[in-house]
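Overview (structure and organization)
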Amino acid sequence: MKLKNRLVCILAVLTLPLVGTVAPAATIEVLQTFDFPGVGNSTLPQKISDQGVMVGTVIGVTGVEQGFFYKPRIMRFSDTAFSDPNDTGGVTRGRGINNQRHTCGEYKNGSDGTFHGYIFEHPDFIPFDVTGAVDTIPLGINNGDNFVGTVILSDGTQPAFVNLGGVVSMFAVPNATQTFAYQLNRGNQIIGYYVDGSGIAHGYTRDQRGILTFPIDVPGSTETMLLGNNDLGYGVGRYTDAAGLTHGLFFITPDNILTYDYPGSTFTSLTGVNGGGFLSGYYLDAAGIFHGIWAKINLTATGQPISNIPMTPVKPAHPVDEMLRVGEPVL
């Protein structure tokens with residue numbers, strides 16, 4: 001594999017009237033694209049910590065799914081992908097990561113096809129299931145070790161859940177058939193999407209008091225999915241237009257949505273944003289393979305890194321660092 005060290009600077013397109021602090025010429029700059037080692041693997045980063053460590057899922061050519069860690073600044077993958085020891089169905093997904101490198105996600109039980117949650121605090125996988133749920137899928141974890149996700153109950157309903165200090169509660173957007181809580185920040189503000197009775201996905205946010213704001217849709221879209229936020233309340237996700245093209249999105253407030261497309265791709269998703277304004281995401285190529293993206297949002301389009309958002313220093317000698325090896329540079 002060859003190094004994808006291209007710097008792509010794309011003018012973000014304003015999809016809603018500009019208000020607030022976002023400059024009209026704000027840009028998203030791709031700093032690196034990357035692939036988990038192996039021909040034909042699809043690489044889907046999900047979240048990025050303030051220290052710049054990504055977690056995600058790699059889908060191999062045989063269809064087996066495993067989690068991975070990646071450090072984009074120094075191009076380091078874990079030497080092998082990871083799987084929950086209880087995974088008997090060939091599916092372990094890396095979904096969320098925080099500054100303690102605690103990770104959440106789900107694995108598949110091969111005997112009955114159900115999904116169950118885990119919290120990975122290296123080297124321990126801690127099982128987690130919401131009481132009474134058939135399937136439990138954690139999707140995001142914050143820096144206070146609170147986490148969110150979705151569940152499928154025995155009656156077929158699919159609400160979201162939030163675990164705050166070990167206390168689990170479920171909630172659903174009114175009239176939704178499915179509600180997904182994808183991330184919560186340190187203020188326990190939740191971002192996600194829901195599916196309505198017509199099968200259309202719409203974004204929403206939920207504040208620390210439990211108040212929902214919905215629907216959040218890009219004008220002209222056929223569906224909008226919100227997938228990540230940070231401690232400043234920035235949001236990322238994706239939407240699909242009437243032509244069937246899928247675009248990444250970023251916002252500081254939901255009435256200021258910027259869209260981003262990876263050059264030449266018909267599918268781009270932005271999945272995570274950290275406190276330094278760095279983004280994780282992925283795009284689909286013409287061969288049907290997903291590739292990871294590491295990017296940053298530049299609010300002033302000056303060509304300089306964001307200076308008013310602090311970047312948490314990388315802590316040395318963390319156990320996860322011991323798992324990370326220098327990966328082969330990727331194209």
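First things first, this report covers the structure right here in the doc.

Brief notes about the environment of Asn99
In this fold, Asn99 is placed in the loop between β8 (92-97) and β9 (103-108). According to the relative accessible area criterion, Asn99 is buried, its value standing at 11%. In this structure, the C-alpha to C-alpha distance between Asn99 and Asn142, residues 43 residues apart in sequence, is 8.1 Å. At 3.0 Å, the side chain of Asn99 and the backbone nitrogen of Asp50 are in polar contact.

A closer look at the nonpolar core
Counting 17 residues, the largest nonpolar core has Ile28, Phe250 and Leu279 as the members making the most contacts within it. At three residues, the largest contribution of residues to this core is made by strand β26 (residues 290-298). Counting twelve residues, the second-largest nonpolar core is a separate cluster that includes Leu31, Val58, Tyr70 and Ala81.

What to know about the sheet that holds strand β17 (residues 190-195)
In space, the four strands of this open sheet follow the order β16-β17-β18-β19, with antiparallel pairing throughout. Both outer strands of the open sheet, β16 (178-184) and β19 (212-216), are each paired with one neighbouring strand and no more. On average, each strand axis in the sheet is inclined to that of its neighbour by 25°, with strand direction left out of account. Pairing of strand β18 (residues 201-206) with β19 involves three bridges; the strand directions are antiparallel. Counterpart to Arg206 in the pairing with β19 is Leu212.

Some thoughts on the pairing of strand β21 (residues 235-241)
Counting buried residues along β21, seven of its seven residues qualify, which places the element largely inside the surrounding structure. Here β21 shows two buried faces, one formed by Gly235, Gly237, Tyr239 and Asp241 and the other by Val236, Arg238 and Thr240. Bridging between strand β20 (residues 221-229) and β21 involves seven bridges; their strand directions are antiparallel. Paired with Glu223 across the two strands is Thr240, which belongs to β21. With antiparallel pairing between neighbouring strands as the criterion, β20 and β21 make up a hairpin whose turn holds five residues, including Gly233 at a positive phi of roughly 90°. Summarising the sheet, β21 and strand β22 (residues 246-251) pair through six bridges and their orientation is antiparallel. Within the sheet, the bridge partner assigned to Tyr239 lies in β22 and is His247. Hairpin connection between β21 and β22: a loop of four residues separates the two successive antiparallel strands, and Gly244 in this loop has a positive phi of roughly 85°.

Details of the side chain of Thr224
Mapped onto the secondary structure, Thr224 falls in strand β20. At 3.2 Å, the side chain of Thr224 forms a polar contact with the backbone nitrogen of Val218. Within polar-contact distance, the side chain of Thr224 engages the side chain of Ser221 at 3.1 Å.

A look at the sheet that holds strand β15 (residues 167-171)
The strands that make up a sheet are held in pairs by hydrogen bonds between backbone atoms, and each pair lies either parallel or antiparallel. Pairing in this open sheet of four strands is antiparallel, and the strands run β12-β13-β14-β15 from one edge to the other. Looking at the sheet topology across the chains shown, the edges are occupied by β12 (133-141) and β15. Across the sheet, the mean angle separating the axes of adjacent strands is 30° when strand polarity is ignored.

What about the pairing of β18?
Here is the key point about a regular strand: its side chains alternate between the two faces of the sheet. With five of six residues buried, β18 lies mostly within the body of the structure. Of the pairings in the sheet, the one linking β17 to β18 comprises six bridges and is antiparallel in character. Looking at the pairing, Tyr194 lines up with His202 of β18. What sits between the antiparallel neighbours β17 and β18 is a turn of five residues, in which Gly199 has the positive phi angle 80°. Between β18 and β19, which pair antiparallel one after the other, the connecting turn spans five residues, and Gly210 there sits at a positive phi close to 95°.

Observations concerning unusual backbone geometry
A cis amide bond links His122 to the next residue, Pro123, at an omega of 10°. Counting through the fold element by element, Pro123 comes out in the loop between β10 (115-121) and β11 (124-128). Cis rather than trans, the peptide bond between Phe214 and Pro215 has omega equal to -10°. Turning to its location among the elements, Pro215 is positioned in strand β19. Residue Asp145 is not a glycine yet carries a positive backbone phi of 65°. Following the sequence through the fold, Asp145 ends up in the loop between β12 and β13 (147-153).

What counts as what
Residues numbered from 1 in each chain as written. Predicted model: local features only at pLDDT ≥ 70, side-chain atom pairs only at ≥ 80, totals over all residues. Heavy atoms only, no water. Helix = DSSP H or I, 4+ residues; strand = E, 2+ residues; numbered from the N terminus. Buried < 20%, exposed > 50% of the residue type's maximum accessible area, 1.4 Å probe, protein only. Polar contact = N/O pair within 3.5 Å; in protein donor to acceptor, adjacent residues only side chain to side chain. Core = buried A, V, L, I, M, F, W, Y, C linked by side-chain atoms within 4.5 Å. Pairing = 2+ DSSP bridges. Axes fitted to C-alpha atoms, helices over the stretch in contact; angles between N-to-C directions.

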